[in-house]
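Structural characterization, general
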Amino acid sequence: MVFSTVSLAVQGLGTQSVTAEMLVVFAIILLALVLFATEWFPIDVTAILVMVLLIVLQPWTQISAREGISGFANPATITVLAMLILSTGINRTGIVQLLGRKMAAFAGANRNKQLAATIGITGPISGLINNTPVVAILVPVINDLAHNGKTSPSKLLMPLSFASMLGGTLTLIGTSTNILASDIAAQLGAESPELGLHAFGMFEFTKLGLIVFAVGSIYLMTVGVRLLPERIPADEDLVEEYALQEYLADVVVPANSSLIGKTVEEALGDDDLDIDVLQLIRYGERFSDPLARKEIREKDTLRLRTNRETLERIMDAEGLTLSGGPRTEDDLHPDEEEPVLVEVVIPSGSFLVGETLASSTFRQRYDANVLAFRTRGDVVRDRFESIRIRTGDTLLVQAPPDSLTRLVENQDFIVAHEFDEVNYRSDKIPFAVGIIAGVIALPALNILPIVVSALAGVVAMVFTGVLKPTELYSSVEWNVIFLLAGVIPLGIALQQTGAAALLGNVVASTAVFLPAIGVLWVFYVATGLLTSVISNNASVVLMIPVAASAAQSIGANAFAFVLAVTFAASTAFMTPVGYQTNLFVYGPGGYRFSDFIRVGAPLQFLLSVVTVVGIAFFWGVRV
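In this text the structure is predicted, and so the values were computed from the model without any measurement.

Quick notes on the overall build of the chain
Scanning the chain for helices and strands turns up 29 helices and 10 strands. Projected onto the principal axes, the alpha-carbon positions of the chain cover approximately 90 × 50 × 45 Å. Buried residues in the chain amount to 58% of all 623 residues. Here the contacts in the chain between residues at least 6 apart in sequence split such that 79% fall between residues at least 24 apart. Accessible surface computed for the chain: about 24,100 Å², of which carbon and sulfur atoms make up 61%.

Concerning the pairing of strand β4 (residues 301–305)
Regular strands place their side chains on alternate faces of the sheet. Burial within β4 is extensive, with five of its five residues counted as buried. Side-chain alternation along β4 places Thr 301, Arg 303 and Arg 305 on one buried face and Leu 302 and Leu 304 on a second face that is also buried. Sheet analysis places strand β2 (residues 276–282) next to β4, joined by five bridges and oriented antiparallel. Looking at the pairing, Val 277 lines up with Leu 304 of β4.

Thoughts on the packing of helix α2 (residues 20–38) against helix α23 (residues 478–496)
One way to put it is that α2 packs onto α23 with a least axis distance of 10 Å and a crossing angle of 150°. The orientation of α2 with respect to α23, classified from their angle, is roughly antiparallel. For the crossing formed where α2 meets α23, the hand is left-handed. The segment α2 lies against α23, with Val 25, Ile 28, Ile 29 and Phe 36 engaging Leu 483, Val 487, Leu 490, Ala 493 and Leu 494. Of the residues that constitute the contact of α2 with α23, the class distribution is nine nonpolar, no polar and no charged.

Brief notes about the nonpolar core
Residues Leu 86, Phe 162, Phe 200, Met 461, Phe 523 and Phe 561 are the most contacted members of the largest nonpolar core, which totals 145 residues. Setting aside its immediate chain neighbours within four residues, Phe 561 contacts Ala 516, Val 519, Leu 520, Phe 523, Ala 547, Ala 551, Ile 554, Ala 556 and Val 621. Of all hydrophobic cores here, the second largest spans 21 residues; its members include Val 342, Val 370, Ile 389 and Leu 395.

Some words on the sheet that holds strand β1 (residues 248–252)
Working definition: the strands of a sheet are paired by backbone hydrogen bonds and lie parallel or antiparallel to each other. Read across the sheet, five strands follow the order β3-β2-β4-β1-β5 without closing on themselves; strand pairing throughout is antiparallel. Lying at the two open borders of the sheet, with one neighbouring strand each, are β3 (285–287) and β5 (321–322). By the bridge criterion, five bridges tie β1 to β4 in an arrangement that is antiparallel. Of the residues in β4, the one forming a bridge with Ala 249 is Leu 304. Contacting β1, β4 and β5, helix α15 (residues 308–318) runs over the sheet at an angle of about 5° to β1.

Description of the pattern of salt bridges
Pairs may arise between side chains of opposite charge once their charged atoms sit close together. In this structure the tally under the stated criterion is eight salt bridges. Put simply, Arg 111 and Glu 230 hold a salt bridge, and the shortest N to O gap is 3.8 Å. A residue pair is termed long-range when its members are at least 10 positions apart, and Arg 111 in helix α8 (residues 111–128) and Glu 230 in the loop between α12 (206–227) and α13 (238–241) qualify at 119 residues. Here Glu 230 falls in the exposed class, since its relative accessible area comes to 54%. Arg 598 is the salt-bridge partner of Asp 595, the closest N and O atoms lying 2.8 Å from each other. On the criterion of helical spacing, the pair formed by Asp 595 and Arg 598 is a turn pair, its members being three residues apart in helix α29 (residues 593–618). The exposure class of Asp 595 is buried, given its relative accessible area of 0%. Under the relative-accessibility criterion, Arg 598 is labelled partly exposed at 33%. Connected through salt bridges with shared partners, the residues Arg 92, Arg 425 and Glu 471 form a single ionic network.

A closer look at unusual backbone geometry
You will see that Gln 62, though not glycine, has its phi angle at about 60°, which is positive. Positionally, Gln 62 belongs in the loop between α4 (58–61) and α5 (65–68). Its identity as a non-glycine residue notwithstanding, Lys 299 has a phi of 70°, on the positive side. Tracing the sequence through the fold places Lys 299 in the loop between β3 and β4.

Things to note about α29
The end-to-end C-alpha separation of α29 is 36 Å, in line with the 38 Å expected for 26 residues at 1.5 Å each. One or two steps after α29, the chain reaches Gly 620, where phi turns positive at roughly 80°.

Parameters at a glance
- Residues numbered from 1 in each chain as written.
- Predicted model: local features only at pLDDT ≥ 70, side-chain atom pairs only at ≥ 80, totals over all residues.
- Heavy atoms only, no water.
- Helix = DSSP H or I, 4+ residues; strand = E, 2+ residues; numbered from the N terminus.
- Buried < 20%, exposed > 50% of the residue type's maximum accessible area, 1.4 Å probe, protein only.
- Contact = heavy atoms within 4.5 Å.
- Areas by Shrake-Rupley, 256 points an atom, 1.4 Å probe, with all protein chains shown as cover.
- Pairing = 2+ DSSP bridges.
- Axes fitted to C-alpha atoms, helices over the stretch in contact; angles between N-to-C directions.
- Parallel < 35°, antiparallel > 145°, perpendicular 65-115°, else oblique.
- Left-handed = near helix turned anticlockwise from the far one by under 90°.
- Nonpolar A, V, L, I, M, F, W, Y, C, P; charged D, E, K, R; others polar.
- Core = buried A, V, L, I, M, F, W, Y, C linked by side-chain atoms within 4.5 Å.
- Salt bridge = Lys/Arg side-chain N within 4 Å of Asp/Glu carboxyl O.
- Expected span 1.5 Å × (residues − 1).

Spelled out as structure tokens, the structure:
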């Protein structure tokens, strides 16, 4: 069987030979895939490395310096940048939060209503503004909806992420993947008119997107809800959820302790000890403000976060007396004025990504203590100061109310609970809605290209006060922009060296034993699997040129193949790393890697069939 498959592949290649240029491009692709999948470097750094390699190896890659940096001026990159800013403008008005609260009021404690409202609100909104910020905004809303309605958050947060991906297939601007795919298709169409490719219209694939959204929603409401775990009990508080009881202790300072007269930092500030002093209690008065310079006195009670081994060692050395410790959230902060305990998710683009808690000086910046650290499903309760932080990691943070307000208002964090202290520009809602409507309508009516209307929308938001000029740069997820700019030249290299045609012919050889619609399905599945381990945007850059070449080889409709790749890259359900919205819910939902496979794999297979059949029905597979 193996030999026959290889033989078919060779027959499909015809007279085309593998050149040194192709081998170099394939080597760079392989390196990129390994680095994307392992996350040895942040994905944007990997993308820039790819760009540099393509330029340095120009004799083989055929990528000049101008072509190498062309991704920065690419219309797709500029459009995505503008859409990120527009999404922030919508966020600043609080309209999404307002809709979320109305959704919570409608759903109440009925889990089916909660799930229906989550999907029904998230999907349509994700079709109108970039779906990644939508999830970032709604994570705290849905988390509180679950807790208030006595539902496990793990029953709602994964559907939130999945619904945002399904909604992203409704329009051109639903996700950066669609915008990038549209631009690549337009470039391929300009270079090879016989392919019949063109830029996507604003609502060109909405009819298929509606079917995909409907089928996905029905799956989540019926089969998916049964497969979703109740990973976090609805009535469990954060101390119990993170099993912190063994890591929190109250100790009393005796008269003969050598700690007396020292500041907290002098006494217990040694990083090697791995001890955090969360609170100092003196004659019933609690001190939680920066404690580093607070002097320790006799009979003070120190509330510590540390492991049992370290606690026993320090108690023996200093003669401290154990007086119990907090067992629940209420024990940890019984007074409303005291520090609050919350989960903080690290989104892509946060300054913490790639840093450690020690190197980022997080505690000093925000007067906040990190009590536990959840990374890729694993909970770390001690010795986490030197762990490198990745996108989607969750910190269990204790901080005073004013510090939490700063965290909520900072785009470097997603605080997984809502707070009333945040001020939204609700009076600007009509302007924001009107501007987004204009950004959508102008390209849809062929009055302006999407890149121009999006930039005009940015300017309009500043003029109307929806956004402040100083917020423009902080609104952009620069890692996404650098990722796009870095991988776009890779698609150019695939085309110019003939590597895309070579791979396309190999896949096209499956047409010997598969009909054209079968080859189309193969591309959907291959793209979905690839997106499960690397960036969705990188998948589109790699797969669209190959898909177009394969379609041309078998006399199929290239547009149908491009759409299949686009939809597959936009709906990566099977792993938490396949799409960054999955990472946003990974920690707060208490999920494990296997949860995404169990719930996402059947949905991915179902949509592979629905999407391919839909493409064949609406656009046809053959030319």
